Amino acid sequence: EVGQHKETARKIDDDIFKLTNLMGKYLPQREGAALKQWQSKAAHLTSLIAEAEFKNPEGKEALDAIRKDHESMQLLFQELLTNYETQLTAQEEMASFLALENKLVGQLLIKSGAMGESAHKLSDIASAEEKAARRRYRLVAIISTSITAALLTAGALLTIRSITRPLARLHRATEIIGSGNLDYALETTAKDEIGQLSRAIDQMTQKFMPTTVSRDE
C-alpha cells in the first residue's frame, strides 16, 4: 500500500506537469491537436485523482487540494475556450474579450502552480510513509531475529541440561556400583536413549547380584 501511494503521487505529479505544458502549447496558436491532448490528459488526471486514496491526514489534505484546483482549472479552461469562440463572432468587443482572456490565463497559471505544489507535497508525504514503513519492517525483522535467537538459545540450554543431568547420574551410578554396592538402582522412567541405557544397567546389576552372592558364600 505504501509503495502504491508513492507510485500514485508520482503519476499525479507527472500528469500535472504534462497538463501545464499542453496548456502552454495550446494557448499561443489554439491548435486543435493540442486541445485534444489537453482534454485527454485532464480526463486521465481526473480518473487518477478519483482512484487515489491516502489514509494519512496530510496526504488526504494534499489530494483534496489537487482535486479542487483541478476542477477549477477545467472550468477556467472551458471558460477560456468559450471566450475564444465568442471572439471569432464579435470582433467589435475584442478588447473586453482579450482582457477576460488574460484574466483567465492568469487564473489558470495560478491553479496550475498550486496543483504542482500540492503534487510535490503529496510525493514528499508518500516518500516519508515509505521510509517509515521500511523502518518498521526493519525493526520487526530485528525483533523477530532476536526472539528466534533467544528461543534457540533457551532450547539449546534445555537440551544440554536434559542430557548432562542424566549423564551425571549414570556416572555416579557406575562409581557406586563399582565400589561394590549392587543394591543401587537408577530406576529411571525416561524413554530416551539415556533412559534405556539406565534400565539396561539396572538389569545387568540385578543379574549380577546372585552370581556375586554365590561366590561370597
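Here's a quick rundown of the structure.

Points about helix H3 (residues 57-87)
Here H3 spans 45 Å end to end across 31 residues, near enough to the 45 Å set by a 1.5 Å rise per residue. With a side-chain oxygen positioned 2.8 Å from the backbone nitrogen of Glu58, the residue opening H3 is Asn56.

Some points on the packing of aromatic side chains
In the structure shown here, the tally under the stated rule is two aromatic pairs. An angle of 50° between the planes, with centres 5.6 Å apart, marks the rings of Tyr26 and Phe77 as tilted. Here Tyr26 is found in helix H1 (residues 2-29), whereas its partner Phe77 is found in helix H3, with 51 residues between them in sequence. Comparing Tyr26 with Phe77 shows no difference in burial state: the two are buried.

Details of the nonpolar core
Counting residues in each nonpolar core, the largest one holds 32 residues, and the members touching the most others are Ile12, Phe77 and Leu122. Only H1, helix H2 (32-51), H3 and helix H4 (94-178) provide two or more residues apiece to this core. Core analysis: the next-biggest nonpolar cluster, separate from the first, contains seven residues, Leu182, Leu186, Ile194 and Ile201 among them.

Remarks on the pattern of salt bridges
Applying the stated criterion across every chain, the model contains seven salt bridges. Measuring nitrogen to oxygen at the nearest pair gives 3.3 Å for the salt bridge that ties Asp64 to Arg67. With Asp64 and Arg67 both in helix H3 and three residues apart, the pair spans about one turn of that helix. Bridged by salt links that share partners, the residues Asp64, Arg67 and Lys68 form one connected network.

Quick word on the packing of H2 against H3
One way to put it is that H2 packs onto H3 with a least axis distance of 11 Å and a crossing angle of 155°. The angle between H2 and H3 places the two elements in the roughly antiparallel class. Of the two possible hands of crossing, H2 and H3 adopt the one that is left-handed. Of the residues in H3, those in contact with Leu35, Trp38, Gln39, Ala42, Leu45, Thr46 and Ile49 of H2 are Leu63, Ile66, Arg67, His70, Met73, Gln74, Phe77 and Leu81.

Conventions and cut-offs
- Residues numbered from 1 in each chain as written.
- Predicted model: local features only at pLDDT ≥ 70, side-chain atom pairs only at ≥ 80, totals over all residues.
- Heavy atoms only, no water.
- Helix = DSSP H or I, 4+ residues; strand = E, 2+ residues; numbered from the N terminus.
- Expected span 1.5 Å × (residues − 1).
- Polar contact = N/O pair within 3.5 Å; in protein donor to acceptor, adjacent residues only side chain to side chain.
- Phe/Tyr/Trp six-rings, centres within 6.5 Å; stacked < 30°, edge-to-face > 60°.
- Buried < 20%, exposed > 50% of the residue type's maximum accessible area, 1.4 Å probe, protein only.
- Core = buried A, V, L, I, M, F, W, Y, C linked by side-chain atoms within 4.5 Å.
- Salt bridge = Lys/Arg side-chain N within 4 Å of Asp/Glu carboxyl O.
- Axes fitted to C-alpha atoms, helices over the stretch in contact; angles between N-to-C directions.
- Parallel < 35°, antiparallel > 145°, perpendicular 65-115°, else oblique.
- Left-handed = near helix turned anticlockwise from the far one by under 90°.
- Contact = heavy atoms within 4.5 Å.

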